[in-house]
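Reading the structure
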Amino acid sequence: MYGPVQLAGYVALLVTPAVLLLRAIRAPAALPNGTLSVQFGVVLAGSVVAASERRRLSRIDATEFDRTDAVDVLAVAVAAVVTYGLSVHAGLGPVLASALVGLVAGVGLAEIDGAAYCGSFVGMASPALFPTLEEVALAGLIAGLAFVATADSFGGFGGKYGTLALFGCIVTVPLMGVDYAAGSVLAWRLAPVIVPVAVVAAVATVLFRVRGGMSAVVASAAVGAVAGVAFPAVVPELGPTLATVAFCASFVGMSSAKRLEPLGQVAGAGALCGLVFLAVAPALAGAGGKLGTTAFVSCLAVAGGLELPTLVRSRVDQSQLSR
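Nothing here was measured: the structure is a model prediction, and the numbers come from that model.

A count of helices and strands for the protein chain gives 12 helices and 0 strands. Listing every helix and strand of the protein chain by position from the N terminus yields α-α-α-α-α-α-α-α-α-α-α-α. In the protein chain, once contacts between residues fewer than 6 apart in sequence are set aside, the share between residues at least 24 apart is 80%. When the accessible surface of the protein chain is summed, it comes to about 14,000 Å², and 66% of that surface belongs to carbon and sulfur atoms.

Here is the structure:
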């Protein structure tokens, strides 16, 4: 039977995106038009996948915490601290720092690359939120425990690691008595630029994996590294934002073929990711894992939207048979 720890992990993967979307609605800054409709659609479609995932998990036996789990928890925490150091103290910035840690882990530490990549998202937190390494380490430990607890939950959906990272940050904020940085709204007029960048980044990540033979971690990190260097150099004004969008959408491209198979589905999730990125911009500012959570809800929404017609037909057929 599915154990209480695994159930808690499943809940964490649902509550974290809900908190992000709710905070976006309640953000003090004036919301762009269309924010509420984007979030409502994401929640409605994503709930279909969440329900089917819960039924699947109810049939899985619980597993006990072992040495491998302990290594994963430690890897998440260490990667969080290293990424934060590279981002803040070495001046690389969050995107390049996380991408670099992902590349190193993906190439040289394949057995813990997922855990390390998850931790790198915690380390993307702003010093305005977590000014000390101790706070980052605590968030990393919490995210690491969640990483282990969710080993069987929502497998194959891109953005899951980032969602766990955001969960670690959200829990750490009240524990350490800190508060989120001031968020800023991105104008919807940027959508014609942001959405295509997100689509290209998501598709490029898949192509790196399928045709380039890269792992999901290396492919995503490679897209992040290229975007983090190229965009600020080519378009200085929008460069940092576009690099962040590309890195965010690269997590969509980490989805397995069992979740989002044709490139068209990946591209659709990438486009939605760009819209959600705009919608949640002012929420939970400074927290690590926002980008992954944005990708995660986008993947769930597309997968749920694809599953919805079959679910409706099944319910209609059942209703007719019961008459």
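If you look at the biggest cluster of nonpolar residues, it comprises 82 residues, and the most contacted ones within it are Tyr 117, Val 122, Phe 130, Phe 247, Phe 251 and Val 252. No other element matches the 9 residues that helix H12 (residues 290-321) contributes to this core. Ignoring sequence-local partners within four residues, the contact set of Phe 251 consists of Tyr 117, Phe 121, Gly 158, Gly 159, Ser 220, Leu 291, Gly 292 and Ala 295.

The subject of this paragraph is the packing of helix H3 (residues 67-89) against helix H5 (residues 113-122). Remark: H3 packs on H5, axes separated minimally by 7 Å, with the N-to-C direction vectors making an angle of 40 degrees. Accordingly, the angle class assigned to the pair H3 and H5 is oblique. Both H3 and H5 take part in a crossing whose hand is right-handed. Of the residues in H5, those in contact with Asp 72, Ala 75, Val 76, Ala 79, Ala 80 and Thr 83 of H3 are Ala 115, Ala 116, Cys 118, Gly 119, Ser 120 and Val 122.

All right, on to the side chain of Ser 98 then. Mapping Ser 98 onto the fold places it in helix H4 (residues 94-108). Apart from the residues within four sequence positions on either side, Ser 98 is in contact with Thr 83, Tyr 117, Ser 120, Phe 121, Met 124 and Phe 247.

When pLDDT is averaged along the protein chain, the result is 87, and 83% of the positions lie at 70 or above. Highest mean pLDDT in the protein chain belongs to H5 (98); lowest belongs to helix H2 (residues 35-57) (62).

A few words on helix H8 (residues 191-210). Its 20 residues place the ends of H8 28 Å apart at the C-alpha level, agreeing with the 28 Å of an ideal helix rising 1.5 Å per residue. Burial in H8 covers these residues: Ala 191, Ile 194, Val 195, Val 197, Ala 198, Ala 201, Ala 202, Val 203, Thr 205 and Val 206. Against the buried residues of H8 lie helix H9 (216-234), helix H10 (239-250) and helix H11 (263-279).

Negative phi values dominate among residues other than glycine, just as trans dominates among peptide bonds. Within the chain, Phe 154 stands out as a residue other than glycine whose phi angle is a positive 55 degrees. Looking at where Phe 154 falls in the secondary structure, it is placed in the loop between helix H6 (133-149) and helix H7 (160-176). Although it is not a glycine, Leu 284 sits at a positive phi angle of roughly 50 degrees. For Leu 284, the position within the fold is in the loop between H11 and H12.

A word on the packing of H4 against H10. Look at H4 against H10: their axes get within 10 Å of each other, and the N-to-C directions meet at 35 degrees. Here H4 and H10 pass one another in a crossing that is left-handed. Contacts between H4 and H10 involve Val 95, Ser 98 and Ala 99 on the former and, on the latter, Ala 243, Thr 244 and Phe 247. Residues belonging to the contact of H4 with H10 are distributed by class as follows: 4 nonpolar, 2 polar and no charged.

Under the criterion given, the structure shown has 0 disulfides. You can see Cys 248 has no disulfide; the closest cysteine sulfur is in Cys 273, sitting 3.4 Å from it. Left unpaired, Cys 299 is separated from the closest cysteine sulfur, that of Cys 273, by 7.4 Å. Take Cys 299: its relative accessible area is 0%, and that puts it in the buried class.

It is worth spelling out the environment of Gly 159 at this point. Tracing the sequence through the fold places Gly 159 in the loop between H6 and H7. On the basis of relative accessibility, which here comes to 8%, the residue Gly 159 falls in the buried class. With 138 residues separating them along the chain, Gly 159 and Val 297 place their C-alpha atoms 7.9 Å apart. For Gly 159, the residues in contact, after removing those within four places along its chain, are Phe 251, Gly 292, Thr 293, Ala 295 and Phe 296.

To continue, consider the packing of aromatic side chains. Applying the stated rule across the entire model yields 10 aromatic pairs. Where Tyr 117 meets Phe 251, the ring centres are 6.2 Å apart and the plane angle is 80 degrees; that geometry is what we call edge-to-face. In this pair, Tyr 117 is assigned in helix H5 and Phe 251 in the loop between H10 and H11, connecting sequence segments 134 residues apart. Phe 251 shares its class with Tyr 117; the two are buried. By the ring-pair criterion, three or more aromatic residues cluster together here, those being Tyr 10, Phe 154, Phe 157 and Phe 296.

Criteria and thresholds
Residues numbered from 1 in each chain as written. Predicted model: local features only at pLDDT ≥ 70, side-chain atom pairs only at ≥ 80, totals over all residues. Heavy atoms only, no water. Helix = DSSP H or I, 4+ residues; strand = E, 2+ residues; numbered from the N terminus. Contact = heavy atoms within 4.5 Å. Areas by Shrake-Rupley, 256 points an atom, 1.4 Å probe, with all protein chains shown as cover. Core = buried A, V, L, I, M, F, W, Y, C linked by side-chain atoms within 4.5 Å. Buried < 20%, exposed > 50% of the residue type's maximum accessible area, 1.4 Å probe, protein only. Axes fitted to C-alpha atoms, helices over the stretch in contact; angles between N-to-C directions. Parallel < 35°, antiparallel > 145°, perpendicular 65-115°, else oblique. Left-handed = near helix turned anticlockwise from the far one by under 90°. pLDDT = per-residue confidence, 0-100. Expected span 1.5 Å × (residues − 1). Nonpolar A, V, L, I, M, F, W, Y, C, P; charged D, E, K, R; others polar. Disulfide = S-S within 2.5 Å. Phe/Tyr/Trp six-rings, centres within 6.5 Å; stacked < 30°, edge-to-face > 60°.

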